[in-house]
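Examining the three-dimensional arrangement
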Amino acid sequence: MSARPLLRMSDAANGLLAAAGLVAVAALTASSLGAGVRLAIEGLLAGIWAVYLLQLSDTLIAFWARDGRASVTEAVIDLLAVVVPLAGLLFAGTRDQSLYCGVWLLKPLRHSTFFRLLGRVVARAAPNLVGVTSLFGIVLFGASLIAYLIERDVQPDKFGSIPQAMWWAVVTLSTTGYGDEIPMTFAGRVLAGLVMMSGIGIFALWAGILATGFFEEVRRQDFVRNWQLVAAVPLFQRLGSAAFVEIVRALRPRVVPSGAIICRKGEAGDQMFFIVEGRVTIATPSPTPVELGPGSFFGEMALISGEPRSATVTAETEVSLLSLYSEDFQMLSSSNPEIAEVIRKTAETRRGRTPEA
Ligand code: CMP
């Protein structure tokens, strides 16, 4: 049997399989399970392990072949997913054997673009994250020290040392508030209030740094992808760097499946399209439809004249497009009149070629 399809198993399928395995591991820790159910769940774990074994074999083949289908991370995760449960089976007691399958928690990471993105965000935001973490440490230690001074004589069993007071400080700073250690003195309660408010601020800072990092990373990725797409359109190759950056920001990429109608004759049109890849057909009233390919544009006539679309445009193949909305076309017209002129002239020529229906 070829293991190839297993390597290509989608991230979602991989995640589902790992989730099924982990639920099974969790279920096996319940002592109330009957022997039959336990056997069935263990069978499920064995089945998942067998799938992972096949996946590992294919990952290793791809890895050695260096055909770019398997990375070191995937190879290591796939190896651990097989070896660790096997080690559990061979060396752990019956009670704990299945717990080793907990290593399958790593499986969703093997190919995840999200975790790669998270890694980049954390790496870029590291100085700020370290700064906020230091602040957390300073507040934590300061609060523990003061709580120790205030409460040690009143509650020596709970605040009798700084490490003991630190537990209270962590619980309060994170605003978890288990309630197992509560300051009894007035000063202690004032301190608790201040620590809680500091905690909210510190966690908000962490969240803010990460959220900004995600936003900037996604925007950077979009910008790089758009840059490559825009660079593929000959019309924009004559733009200066500032205007090029402006147009990269303005154009929105879009992929249209083969056979889909991109714009319909008679509709209002507020955007024009540049073809990066693929072909479209324009159903003009003339007997032969016009076909446009990479580097061409369409939809400019309605955008310029404000009249309805002059023809229906259909994707002949899957098409990668860049859309330019009318307000951005105005911006392009004022910053780069020569490009706008090319587009206007093309619209006029096409209008002349398109007989009235
Ligand atoms: P618009 O009228 O906005 O929407 C349909 C588009 O098809 C139109 O803009 C042009 O971009 C394009 N189009 C119409 N007629 C022709 C033609 N004869 N040759 C090439 N493209 C055309």
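Residues numbered from 1 in each chain as written. Predicted model: local features only at pLDDT ≥ 70, side-chain atom pairs only at ≥ 80, totals over all residues. Heavy atoms only, no water.

Side note on the packing of aromatic side chains
Each aromatic ring pair is described using two quantities: the centre-to-centre distance and the angle formed by the ring planes. According to the stated counting rule, one finds 14 aromatic pairs in the structure shown. Taken together, a centroid distance of 5.7 Å and an interplanar angle of 50° make the contact between phenylalanine 223 and tryptophan 227 tilted. Taken together, the positions of phenylalanine 223 and tryptophan 227, both in helix 8 (residues 186-231) and four residues apart, correspond to about one turn of that helix. On the basis of relative accessibility, which here comes to 26%, the residue phenylalanine 223 falls in the partly exposed class. (Phe/Tyr/Trp six-rings, centres within 6.5 Å; stacked < 30°, edge-to-face > 60°. Helix = DSSP H or I, 4+ residues; strand = E, 2+ residues; numbered from the N terminus. Buried < 20%, exposed > 50% of the residue type's maximum accessible area, 1.4 Å probe, protein only.)

Structural notes on a nonpolar patch on the surface
Together, Leu86, Leu89, Leu90 and Phe91 make up a nonpolar patch on the protein surface, roughly 460 Å² of accessible area in all. By secondary structure assignment, the location of leucine 86 is in helix 4 (residues 72-91). (Patch = residues over 30% accessible without salt bridge, like charges linked within 9 Å, V, L, I, M, F, W, Y side chains within 5 Å. Areas by Shrake-Rupley, 256 points an atom, 1.4 Å probe, with all protein chains shown as cover. Salt bridge = Lys/Arg side-chain N within 4 Å of Asp/Glu carboxyl O.)

With respect to the layout of surface pockets
Approximately 470 Å³ is the volume found for the largest pocket. Every residue lining the largest pocket is counted, 20 residues in all, and those nearest its centre are Glu42, Leu45, Leu89, Gln97 and Ser98. The dominant element in the lining of the largest pocket, judged by the number of residues it contributes, is helix 3 (residues 35-65), at five residues. Along the lines of polarity and charge, the residues of the lining of the largest pocket split into eleven nonpolar, five polar and four charged. (1 Å grid on protein atoms, 1.4 Å probe; cavity = no way out; pocket = protein on both sides within 12 Å on 5 of 7 lines; lining within 4 Å. Points joined across faces, edges and corners; volume = space filled by probe spheres on them. Nonpolar A, V, L, I, M, F, W, Y, C, P; charged D, E, K, R; others polar.)

Describing the side chain of asparagine 336
Secondary-structure assignment places asparagine 336 in the loop between helix 11 (326-335) and helix 12 (337-353). Relative accessible area serves as the criterion here: at 8%, asparagine 336 is assigned to the buried category. In this structure the side chain of asparagine 336 is engaged in a polar contact, spanning 3.2 Å, whose partner is the side chain of serine 335. Aside from chain neighbours lying at most four places away, what touches asparagine 336 is Leu239 and Ala243. (Polar contact = N/O pair within 3.5 Å; in protein donor to acceptor, adjacent residues only side chain to side chain. Contact = heavy atoms within 4.5 Å.)

Details of the confidence of the model for the protein chain
Confidence in the prediction for the protein chain averages 91 pLDDT; 97% of positions are at 70 or higher. Predicted confidence in the protein chain is weakest over helix 1 (residues 4-7), with a mean pLDDT of 57, and strongest over helix 7 (residues 162-173), with 97. (pLDDT = per-residue confidence, 0-100.)

Structural notes on the site of the ligand
By nearness alone, 15 residues border the ligand, and Gly299, Glu300, Ala302, Arg309 and Ser310 come closest of all. Glycine 299 places a main-chain nitrogen or oxygen 2.8 Å from an oxygen atom of the ligand. Backbone polar atom of methionine 301 to an oxygen atom of the ligand: 3.4 Å apart, as the coordinates give it. Its free accessible area being 460 Å², the ligand has 98% of it covered by the protein chains. Secondary structure elements with two or more residues in the shell around the ligand: helix 10 (300-305) and helix 12. For the shell around the ligand, the class distribution of residues is seven nonpolar, four polar and four charged. (Near = heavy atom within 4 Å.)

As for the pattern of salt bridges
Between side chains of opposite charge, a pair can form as their charged atoms come close. In total, this model carries twelve salt bridges according to the counting rule given. Note that aspartate 78 and arginine 110 form a salt bridge whose closest N and O atoms lie 2.7 Å from each other. Note that aspartate 78 is positioned in helix 4 and arginine 110 in the loop between helix 4 and helix 5 (113-151), a separation of 32 residues in sequence. The pair formed by aspartate 78 and arginine 110 is uniform in burial state, with each residue classed as buried. Put simply, Glu74, Asp78, Lys107 and Arg110 are held in one network by salt bridges that share partners.

Here's the deal with unusual backbone geometry
Residue threonine 175 is not a glycine yet carries a positive backbone phi of 55°. Relative to the helices and strands, threonine 175 resides in the loop between helix 7 and helix 8.

Considering helix 8
For helix 8, built from 46 residues, the straight-helix expectation of 68 Å at 1.5 Å per residue is met to within 8% by its first-to-last C-alpha distance of 67 Å. Capping of helix 8 at its N-terminal end is provided by threonine 185; its side-chain oxygen lies 2.9 Å from the backbone amide nitrogen of glycine 188. (Expected span 1.5 Å × (residues − 1).)

A closer look at the pairing of strand 4 (residues 280-283)
For strand 4 and strand 5 (residues 290-292), the ladder comprises three bridges, and the chain directions are antiparallel. When the sheet's bridge partners are listed, isoleucine 282 is paired in strand 5 with valine 290. Joining the antiparallel neighbours strand 4 and strand 5 is a turn of six residues. Summarising the sheet, strand 4 and strand 7 (residues 312-315) pair through four bridges and their orientation is antiparallel. Paired with alanine 283 across the strands is threonine 312, a residue of strand 7. (Pairing = 2+ DSSP bridges.)

Observations concerning the sheet that holds strand 1 (residues 252-256)
Sheet strands pair via backbone hydrogen bonds, and the direction of the pair is either parallel or antiparallel. Across the sheet, which stays open at both edges, the four strands sit in the order 1-8-3-6 with antiparallel pairing between neighbours. With one partner strand each, in any of the chains shown, strand 1 and strand 6 (297-298) form the two edges of the open sheet. In this structure, strand 3 (residues 271-277) lies alongside strand 6, joined through two bridges in antiparallel fashion. Across the sheet, phenylalanine 273 pairs through a bridge with phenylalanine 298, a residue of strand 6. Contacts from helix 11 reach strand 1, strand 3 and strand 8 (319-325), with the element oriented near 75° to strand 8. (Axes fitted to C-alpha atoms, helices over the stretch in contact; angles between N-to-C directions.)

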